Amino acid sequence: MITNHFLGLLMLFILQPINALPVAPGNTVNLLGTLQEKNDGRILQRSKRGWMWNQFFLLEEYTGNDNQYVGKLHSNMDRGDGNVKYILIGDGVGSLFLIDENSGDIHATKRLDREERAIYTLHAKVVDKRTNETLEADTEFNIKIHDINDNEPKFSKDLYFASVPEMSDVGTSVIQVTATDADDQTYGNSAKLVYSILQGQPYFSVDSDNGTIRTALPNMDRETKENYQVVIQAKDMAGQMGGLSGTTTVSITLSDENDSPPRFANRKRPSLFSSLLIYLGAAIGRIKANDADVGRNAEMQYSIVDRDGQDMFTIISDQNTQEGVIRVKKQLDYERQRTYSFKVEVTNTYLDPRFMYSPNPPFKDDAMVRVTIEDVDEPPVFSRNPYIIEVHEDTAAGSFVGVVSARDPDADNNPVKYSIDRHTDLERLFNIDSVNGTITTLKGLDREMSKWHNISVVATEISNPRQTTRVPVFIRVLDVNDNAPEFAMYYETFVCENVQPGQLIQTISAVDTDDPLVGHKFVFSISSSNPNFTIVDNEDNTARILTRRAGFSRREMNTYLLPVVISDNDYPIQSSTSTLTVNVCACDSRGNMQSCNTEALLSAGLSTGALVAILLCVIILLMIVVLFAALRRQQRKKEPLIISKEDVRDNVVSYNDEGGGEEDTQAFDIGTLRNPEVMDANKLRRDIIPEMLFPFQRTSPIKDNADGNCYTLNSCCLNAKSYCFIFIFLYLFY
C-alpha cells in the first residue's frame with residue numbers, strides 16, 4: 001500500500017514540471033531561487049516565483065487513522081538554518097488544515113467529501129522567525145479534492161406511471177427516466193451512467209444511454225394483459241464491474257383501442273314475453289352484447305334488421321348499461337299473432353379505421369329474438385276512436401243521433417253494454433241504448449246555444465264489469481235557418497233641421513246567429529209610403545238611410561221611429577222588423593250636431609219671459625239669504641234680555657195655586673212682560689209667599705227681544721218662496 005507521505009511526494013514530482021519554467025539549451029536551473037541565462041556572453045538574471053508549486057491534490061473520503069498528508073511548501077529563502085517560518089491562511093486552516101511552520105508540510109485533519117466542497121483556496125507566506133519580517137509575499141494556492149466513486153445514481157422518482165396504446169408497433173416510445181450521479185462528471189467514469197432493464201422483458205426495452213423505455217413486442221393486447229411493472233437500473237462507471245447502481249419502477253398501462261368487436265353471448269333466439277296490457281312505447285325486454293373494450297370504445301348501437309320486427313317493435317341503446325331495450329311500436333294482439341321472431345344487430349358506435357380492415361372478424365354481431373304474446377282479459381274495443389256524429393238542430397226529443405259499436409277482443413267475445421258518462425252530459429241531452437249503442441236525443445238541440453256536444457260513451461264487459469273502455473263522441477249540431485236577422489248594433493241616429501233631401505244620415509248592417517252554407521245575404525226595406533226617409537240596399541249586407549225631404553223641426557217633432565224590415569236568403573226565409581230611432585238636432589252649416597233632445601224639450605216648454613222670471617226669483621232668494629245671515633250676526637252683538645246679573649232662573653217661583661182666569665188681575669202684570677226693564681228684580685207675588693226653585697245662577701241670554709224681527713224675516717222668506725213657485729206654476733200651467 002502507498003503511504004500518505006509517499007503519495008504526497010509522488011504528486012509533488014508529478015506536478016513540479018507543470019509549474020516549473022521551461023529550460024532552454026545551455027541554461028541551468030537553480031532550484032533554490034534564481035534562474036541564470038547565458039546569451040551572447042552576458043549573464044541575465046530575473047526573479048522567479050519562490051514557490052515550487054501552486055496546487056495540491058487530495059483524495060476524498062480518507063479512511064486512515066493518521067492525518068492525511070497534503071503536500072509540502074518550500075521557499076528558496078529557506079537556507080535550512082531554522083530561521084524561516086511558514087504561515088498558512090485561508091478556509092479551514094487550524095481546524096481542517098495544519099502546516100508545520102518549520103518544514104512547510106501540510107496535513108488534513110478530517111475526512112473530506114468532494115460532493116460537499118471540491119476545492120479550497122489558501123494563502124501562504126514566509127517570515128523571519130527572529131525579526132518577524134516577511135521574506136516571501138502572500139501567495140495563493142489551491143487544494144483540490146480528487147473524486148472517487150462514492151455516490152450511486154439516483155432517480156427523481158421511486159415510481160413512474162406511463163401508458164401506451166395497445167397494439168402499438170415495436171419501438172413505440174413509452175416514457176424516459178433519467179438518473180443523476182453526484183460524483184465528478186469531468187473526471188473518470190464515476191458519473192458515467194448506463195441504463196438497463198431488470199424486469200419487464202420481453203415486453204419493453206430501455207435505451208442504455210438516455211433511459212427511454214420502448215415497446216419490444218408487437219400487438220400487445222390490453223384485453224389480454226393491461227398493466228406491466230418495469231424495473232430500470234442506472235449504473236455508473238459506464239456499467240463496469242464495481243460501479244454503483246440505482247433502480248426505479250415504472251408502472252405501464254396499455255390504453256384501450258377499439259380493436260374488439262361486440263359479441264352476443266347467446267345468439268340462439270333469446271326469448272321475451274309480452275302481455276297485451278303493455279302500452280305503446282313500453283319496454284318488453286333487454287338484450288346485451290359484450291365488448292372487451294372500455295369507455296367510449298365499448299359504446300354500442302342496436303337495430304332490428306327484419307321487416308317483421310321493425311313494424312311491431314323498436315330498439316334503443318341504454319347508454320348507462322350498453323343494453324338494447326326493445327319497446328312496443330304497435331299494439332299487440334294475441335288473437336291476431338302470438339309470436340314474433342326477428343334479428344337484432346349490434347355495432348360499435350365509434351369505429352377505428354385501423355382495425356376495420358384487419359384480419360379480425362367484422363365489428364358487428366347479430367342474434368335472433370323471439371317475442372311471445374301472453375293472452376290477458378282485454379277490455380272492449382270500439383270500432384272507431386273517436387266518433388264524430390252530425391245532427392240537425394231543432395230535432396225533436398227521441399230522435400236518432402248515431403250508433404257506437406264495441407266488441408270484446410278476447411277469444412270468448414263476451415257481450416258488452418253501453419252507457420253515457422253523465423259527467424260529460426250534465427244537461428242530459430242524450431240517451432244511449434245499452435244493448436246496441438244507439439244514441440238518441442232527450443231534448444231539442446239549439447245550435448245557437450252550443451254548436452258541439454262532447455260526451456263519453458262507456459263500454460263495459462258484462463261478464464267482467466271491471467273491463468271498461470270509454471270513447472269520446474263529438475256531436476256536431478247542424479244549422480237550421482230558425483233565426484231572423486237583426487241590427488248588428490244599437491244606432492244613435494240624428495237628422496239635422498237644415499238637412500237636404502237625399503242626404504245620408506245612417507249606414508246600417510245586420511247579423512244572424514244562423515250559419516248558412518253559402519253565407520249570409522240580407523235584404524233591407526222600409527215602407528214606401530214613408531214621407532220622411534228612404535233606404536238604399538248596398539248589396540253587401542249593409543244599407544243606407546237617406547232623407548226624403550227637408551225642413552225637419554224639433555218644435556214639430558223631435559223624434560222619428562223608422563221600422564226597417566231585414567230578411568235573409570236561407571230556407572225557410574226569416575225576417576224581422578227593427579226600429580231605428582232618428583232624433584232631430586240642431587246642426588251648424590257643416591252638418592255637425594250642436595244640440596238635440598234636451599235643448600229642444602226646454603225650448604218647447606218655456607219662453608224667454610219664463611226663464612227671466614225664474615232667474616229673478618233665484619236672485620231674490622239669494623238676497624234674502626244674505627239679509628238673514630246679516631241679521632243673525634247683529635243679534636249676537638246685542639245685550640242680554642235680562643239686565644240683572646242674577647240668573648234668570650233665580651226669578652222662577654212656585655206659588656202652588658191655580659190661576660184665576662180672566663178675572664184674576666192681581667196675580668200678573670201684563671205690562672211687565674211687555675217691558676222687562678221696569679220689572680223689579682226682587683218683586684214677588686203679592687198674594688202668596690213664593691217658594692224659590694233653581695237656586696243656582698246662569699247668565700241671561702239676550703237683553704233685547706228680537707223674536708219679532710226673526711218671525712218677520714221667516715215670514716218674508718216663506719212668502720217670497722211661495723210667490724216664486726206660484727208664479728212659475730201659473731206660467732207653466734198657462
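The structure presented is a predicted model; accordingly, all values stated were derived computationally and were not measured.

1. Examining the overall build of the protein chain
Within the protein chain, the secondary structure is distributed over 7 helices and 47 strands. Within the protein chain, buried positions represent 35% of all 734 residues. When the accessible surface of the protein chain is split by element, carbon and sulfur atoms take 53% of a total near 44900 Å².

2. Some thoughts on the state of the cysteines
For the structure on display, the rule yields 2 disulfides. There is a disulfide in this structure between C496 and C587, and the S-S distance comes to 2.0 Å. The S-S bond linking C496 to C587 shows a torsion near -80 degrees; that makes this disulfide left-handed. Of this pair, C496 sits in strand β38 (residues 493-496) while C587 is found in strand β44 (residues 575-587), placing the two residues 91 residues apart along the sequence. With a relative accessible area of 8%, C496 lands in the buried category.

3. Points about the sheet that holds strand β6 (residues 84-90)
What the 4 strands build is an open sheet, ordered β4-β10-β9-β6; its pairing is mixed. In this open sheet, the two edge strands, each paired with only one partner strand, are β4 (55-59) and β6. On average, each strand axis in the sheet is inclined to that of its neighbour by 30 degrees, with strand direction left out of account. When β4 meets strand β10 (residues 134-146), the two strands line up parallel, connected through 5 bridges.

4. Some remarks on the sheet that holds strand β8 (residues 105-108)
With respect to topology, 3 strands assemble into an open sheet ordered β5-β8-β7, the strand pairing being antiparallel. Edge positions in the open sheet fall to β5 (68-72) and β7 (97-99), since each of these has one partner strand only. Put simply, the sheet's adjacent strands are angled 25 degrees from each other on average, direction ignored. As judged from the 4 bridges shared by β5 and β8, these two strands associate in the antiparallel manner. From the neighbouring strand, K72 faces β8, where its bridge partner is D105.

5. Brief notes about a negative patch on the surface
Residues E335, D375, D377 and D412 make up a contiguous surface patch of negative charge. One can find D375 in the loop between β27 (364-374) and β28 (381-382).

6. Notes on the packing of aromatic side chains
Within this structure, the stated rule accounts for 13 aromatic pairs. On the basis of an interplanar angle of 55 degrees and a centroid distance of 6.3 Å, the ring pair of F264 and Y302 is categorised as tilted. In this pair, F264 is assigned in strand β20 (residues 263-264) and Y302 in strand β23 (residues 300-304), connecting sequence segments 38 residues apart. Judged by its relative accessible area of 9%, F264 is buried. A relative accessible area of 7% places Y302 in the buried class. Relative to Y340, the ring of F313 has its centre 5.4 Å away and its plane inclined at 80 degrees; by these criteria the two rings are edge-to-face. You can see F313 sitting in strand β24 (residues 313-318) and its partner Y340 sitting in strand β26 (residues 339-348), a full 27 residues away along the chain. Under the relative-accessibility criterion, F313 is labelled buried at 2%. Ring pairing ties together the aromatic residues Y203, F204 and Y228, which thus form one cluster. In this structure, R296 is placed above the aromatic ring of Y350, and the distance from its NZ or CZ to the ring centre is 3.6 Å.

7. Side note on the confidence of the model for the protein chain
Per-residue confidence for the protein chain gives a mean pLDDT of 77; residues scoring 70 or more make up 75%. Segment residues 1-52: pLDDT under 50, and 54 contacts once partners within four positions in sequence are set aside and those in other chains are kept. pLDDT under 50 marks residues 600-604. Its contacts with residues more than four places away, or in other chains, come to 3 contacts.

8. Re the environment of V458
By secondary structure assignment, the location of V458 is in strand β35 (residues 452-461). Given the relative accessible area of 11%, V458 is considered buried. Distance from V458 to T468, taken between C-alpha atoms, is 6.7 Å for residues 10 residues apart in sequence. Aside from chain neighbours lying at most four places away, what touches V458 is F382, K417, Y418, S419, D421, T468, T469 and R470.

9. Describing unusual backbone geometry
Both trends apply: most residues other than glycine have a negative phi, and most peptide bonds are in trans. The omega angle of the peptide bond from Q201 to P202 is 5 degrees, so this bond is cis rather than trans. One can find P202 in the loop between β15 (194-199) and β16 (204-206). Each neighbour pair has its own omega, and for N385 with P386 the value is 0 degrees, a cis peptide bond. Topologically, P386 is positioned in the loop between β28 and β29 (387-392). For E539, which is not a glycine, the phi torsion comes out positive at approximately 65 degrees. Mapping E539 onto the fold places it in the loop between β41 (533-537) and β42 (542-547).

10. Structural notes on the pattern of salt bridges
Taken as a whole and assessed by the stated rule, the structure comprises 16 salt bridges. Of the charged contacts, one joins D105 and K72 as a salt bridge, the two residues approaching to 3.3 Å between their closest N and O atoms. Linking D105 in strand β8 with K72 in strand β5, this pair joins segments that are 33 residues apart in sequence. For R222, the salt bridge is made with E226, and the minimal N-O distance between the two is 3.8 Å. R222 gets classed as buried once you look at its relative accessible area, which sits at 9%. Connected through shared salt-bridge partners, R222, E223, E226 and D256 make up one network.

11. Concerning the nonpolar core
Where a protein is soluble and globular, its nonpolar side chains tend to be buried together. In terms of nonpolar packing, the biggest core is built from 24 residues, with I508, F524, F533, I535, I545 and V564 touching the most fellow members. Secondary-structure elements contributing two or more residues to this core are β38, β39 (504-511), β41, β42, β43 (559-567) and β44. Not counting the four nearest positions on each side in its chain, I508 is found in contact with F487, Y491, F524, I535, N541, T542, A543, I545 and V564.

12. Observations regarding the environment of E539
With relative accessibility at 57%, the residue E539 sits in the exposed group. Counting along the chain gives 16 residues from E539 to V523, while the straight-line C-alpha distance between them is 7.8 Å. Within polar-contact distance, the side chain of E539 engages the side chain of K521 at 3.1 Å.

13. Re the side chain of D318
Position of D318 relative to the elements: it lies in strand β24. Not counting the four nearest positions on each side in its chain, D318 is found in contact with R286, E323 and V325.

14. Overview of the side chain of Q233
Among the structural elements, Q233 can be located in strand β18 (residues 227-235). Not counting residues up to four positions away in its chain, the partners in contact with Q233 are F155, V194, Y195, S196, L198, S245, G246 and T247.

15. Focus: a nonpolar patch on the surface
Together, V612, L615, L616, I619 and M623 line one region of the surface with nonpolar side chains, adding up to about 480 Å² of accessible area. Residue class for V612 comes out partly exposed when judged on its relative accessible area of 43%.

16. Some details on the pairing of strand β34 (residues 438-441)
Here strand β30 (residues 400-403) pairs with β34 via 3 bridges, running antiparallel. For V403, the partnering residue across the bridge sits in β34 and is T438. Where strand β33 (residues 430-432) lies against β34, 3 bridges are found, and the strand directions are antiparallel. By the bridge assignment, F430 is partnered in β34 with T441.

Scoring rules and cut-offs
Residues numbered from 1 in each chain as written. Predicted model: local features only at pLDDT ≥ 70, side-chain atom pairs only at ≥ 80, totals over all residues. Heavy atoms only, no water. Helix = DSSP H or I, 4+ residues; strand = E, 2+ residues; numbered from the N terminus. Buried < 20%, exposed > 50% of the residue type's maximum accessible area, 1.4 Å probe, protein only. Areas by Shrake-Rupley, 256 points an atom, 1.4 Å probe, with all protein chains shown as cover. Disulfide = S-S within 2.5 Å. Pairing = 2+ DSSP bridges. Axes fitted to C-alpha atoms, helices over the stretch in contact; angles between N-to-C directions. Patch = residues over 30% accessible without salt bridge, like charges linked within 9 Å, V, L, I, M, F, W, Y side chains within 5 Å. Salt bridge = Lys/Arg side-chain N within 4 Å of Asp/Glu carboxyl O. Lys, Arg positive; Asp, Glu negative; His and termini not counted. Charge placed at Lys NZ, Arg CZ, Asp CG, Glu CD. Phe/Tyr/Trp six-rings, centres within 6.5 Å; stacked < 30°, edge-to-face > 60°. Lys NZ or Arg CZ within 6 Å of the ring centre and 35° of its normal. pLDDT = per-residue confidence, 0-100. Contact = heavy atoms within 4.5 Å. Core = buried A, V, L, I, M, F, W, Y, C linked by side-chain atoms within 4.5 Å. Polar contact = N/O pair within 3.5 Å; in protein donor to acceptor, adjacent residues only side chain to side chain.

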